[in-house]
Amino acid sequence: MPKKFPGEELLSKVFEDLADFLPYLVLVGGWVPYIYAKYVWKNVPSLAVTTSDIDFGVGDAGFTGKDTVASYVQRLGYGERHLSMDRMIPFVPIVKNLAGDLKAEVEFITDPNVSRTVVNKIVGREIKINEIENFGLLLESVTTAKIGKQEIRIPTASMFVFHKLLTFVQRENGEKFKKDLYYVYYMLRFSSDKEALIAQVNALIKDKKQGASVKRNLQKYFKDVSSQGPFLVEQENGPDEYIRDLRWDVFERFSRLREV
């Protein structure tokens, strides 16, 4: 089982603090492969690269609570990063540990087609909400992982992979670009049922209208072993004691998603 990252202390704190809101939120982003590795799969020998940020997706599930995430984290004394020097809202919440030596931003993302009224009822108008095209794909294909006392909603492995393959090209930050591709490789390599995952992703490529874009991205970045994709994943992965020719292994795994 993977050892615990220091940042998981903050992740656990956020889960505990937002327990009443978790049924209406979906954990997304770089923590997802880590959650699969530690809490869903078995005998995973290495760790996914993670991010310090904690990202939640927000859909249109009915919410009947009186509090919002914004009012709740303010009462709990979360820090705030304000987007404008002369305005208190919107802000991005910042969670810190008791010692104050660890901190992470807690961000909220939705799809442009999701009602902002519903999102505001859950998160609050005070918190910055990011809108991302095609984000609804992650919100419509969800499973759960048991972490401590909490049931955490996360994207299914196949949809996580499909969505990364769709959106990594939109990353302006080169490091995030590489990490997205590495997350896909990590899922393909360490899934507890690799064949099922490949079949499910291929089914999404075939059935979803966004599948054509995914195929183009795979063709461009993983056409052969010398393409940019295998090289970037190899860079992000670093030296690997288990695989002699990592770049070939990357190409071979991604090529199985080009067979649709």
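Check the entry above for the structure.
Residues numbered from 1 in each chain as written. Predicted model: local features only at pLDDT ≥ 70, side-chain atom pairs only at ≥ 80, totals over all residues. Heavy atoms only, no water.

**Re helix 10 (residues 228-237)**
Among all positions of helix 10, only Gly229, Pro230, Leu232, Val233, Glu236 and Asn237 are buried. Each buried residue of helix 10 lies within a common arc of 165° when the element is viewed along its axis, so the set occupies one face. Check the buried side of helix 10 and you find it contacts helix 7 (174-190), helix 9 (211-221) and helix 11 (246-255). Of the residues flanking the end of helix 10, it is Gly238, one or two places downstream, whose phi is positive at about 80°. (Buried < 20%, exposed > 50% of the residue type's maximum accessible area, 1.4 Å probe, protein only. Helix = DSSP H or I, 4+ residues; strand = E, 2+ residues; numbered from the N terminus. Arc of directions from axis to C-beta. Contact = heavy atoms within 4.5 Å.)

**Things to note about unusual backbone geometry**
With an omega dihedral of 0°, the bond running from Ile89 to Pro90 counts as a cis peptide bond. Relative to the helices and strands, Pro90 resides in strand 4 (residues 87-96). Backbone geometry at Asn134 places phi at a positive 70°, although glycine is not the residue there. Here Asn134 is to be found in the loop between strand 6 (129-131) and helix 5 (136-140). On the basis of relative accessibility, which here comes to 24%, the residue Asn134 falls in the partly exposed class.

**A word on the pairing of strand 3 (residues 79-84)**
Relative to strand 4, strand 3 is paired through five bridges, and the arrangement is antiparallel. Looking across to strand 4, one finds that His82 is bridged to Phe91. (Pairing = 2+ DSSP bridges.)

**Section: the layout of surface pockets**
Computed from the structure, the largest pocket encloses a volume of approximately 720 Å³. Forming the boundary of the largest pocket are 27 residues, of which Asp55, Lys164, Arg171, Lys176 and Asp180 lie nearest the centre. Within the residue set of the lining of the largest pocket, elements represented by two or more residues are strand 5 (103-110), helix 6 (157-167) and helix 7. It is helix 7 that contributes the most residues to the lining of the largest pocket, five residues altogether. Residue composition of the lining of the largest pocket, by class: nine nonpolar, eight polar and 10 charged. Here the second largest pocket defines a volume of roughly 150 Å³. Around the second largest pocket sit Tyr36, Trp41, Thr156, Ala157, Ser158, Ser191, Ser192, Asp193, Ala196, Leu197 and Gln200, which together line it. Broken down by secondary-structure element, the contributors of at least two residues to the lining of the second largest pocket are helix 6 and helix 8 (194-207). (1 Å grid on protein atoms, 1.4 Å probe; cavity = no way out; pocket = protein on both sides within 12 Å on 5 of 7 lines; lining within 4 Å. Points joined across faces, edges and corners; volume = space filled by probe spheres on them. Nonpolar A, V, L, I, M, F, W, Y, C, P; charged D, E, K, R; others polar.)

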